[in-house]
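# Fold and contact review
Residue-level listing of the chains:
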Amino acid sequence: ARQAEQETAAEMLEFTEDPPPQAREEGEEADPEEAADAEEEQKEQKEKEEKEKKEKELAEGLNLGAVDLDAEAIKQEQQAGWGMQRVDPATLEAQLRPVERYVMRWLEEVEPVVDVGQVNAAVEYHEQAWELEQIERNKVAHEAAADEEGDPLVLEGWDQDAADDVYRRQVAAAAKRQAEEQAAAEAEADAAAAA
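Values in this document were obtained by computation on a predicted structure and should not be read as measured data.

Quick notes on the rules
- Residues numbered from 1 in each chain as written.
- Predicted model: local features only at pLDDT ≥ 70, side-chain atom pairs only at ≥ 80, totals over all residues.
- Heavy atoms only, no water.
- 1 Å grid on protein atoms, 1.4 Å probe; cavity = no way out; pocket = protein on both sides within 12 Å on 5 of 7 lines; lining within 4 Å.
- Points joined across faces, edges and corners; volume = space filled by probe spheres on them.
- Helix = DSSP H or I, 4+ residues; strand = E, 2+ residues; numbered from the N terminus.
- Nonpolar A, V, L, I, M, F, W, Y, C, P; charged D, E, K, R; others polar.
- Salt bridge = Lys/Arg side-chain N within 4 Å of Asp/Glu carboxyl O.
- Buried < 20%, exposed > 50% of the residue type's maximum accessible area, 1.4 Å probe, protein only.

### What about the layout of surface pockets?
Empty space within the second largest pocket amounts to approximately 440 Å³. In this structure, the second largest pocket is lined by 15 residues; those nearest its centre are Glu 5, Gln 6, Ala 9, Glu 49 and Lys 53. Only α1 (2–16) and α2 (32–79) provide two or more residues apiece to the lining of the second largest pocket. Per-element accounting of the lining of the second largest pocket gives the leading share, eight residues, to α2. Residues that form the lining of the second largest pocket fall into these classes: four nonpolar, one polar and 10 charged.

Printed below as a string of structure tokens:
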């Protein structure tokens, strides 16, 4: 590929250069100053092309070296158990080139990372919501059936004896309070009458 680029550049150079001073039309004499200027321009052009070529090769060499270094670094990280360590996303993103950052953002949008805990929590929440809705529907259905039959709702597992005992104690406590309040009111009335 480099050789083809070099050949193409050489061919394009032929078309962009001024003709050498010796290639004048027949019968014209070459000006020595023009010839010297033309030769100097050609030398400058060749130096410029060589400099660009060296810079390009150097840049390509650096990129290849960086790729080799990256591959070697990745191998070392994998051997050291890199996959088991937690990596800070901000640090990782800072190390990426702009193109790699773009790819990361694109992948996150197209194929987002799924947290298993969040998925399980969402499923559990929906199951609980469904169960609550099912319980509510069953309650409404039982109430409708009871209304059609005319029977009041019957609570299962009701201990009537225990309920009666609690009711009797509450009635006795209420009667005792009422008697105490009546006695206090009579005592106040007697005290007010005596005064």
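### A few points about the pattern of salt bridges
What the rule picks out here adds up to two salt bridges. Arg 97 is the partner of Glu 100 in a salt bridge, and the nearest nitrogen-oxygen pair spans 3.1 Å. Residue Arg 97 is classed as exposed on the basis of its relative accessible area of 56%. Ionic pairing is found between Asp 165 and Arg 168, a salt bridge with its closest N-O pair at 3.5 Å. Placement of the pair is Asp 165 and Arg 168 together in helix α6 (residues 160–194), with a separation of three residues, close to one helical turn. For Asp 165, a relative accessible area of 37% gives the class partly exposed. Relative accessible area serves as the criterion here: at 53%, Arg 168 is assigned to the exposed category.

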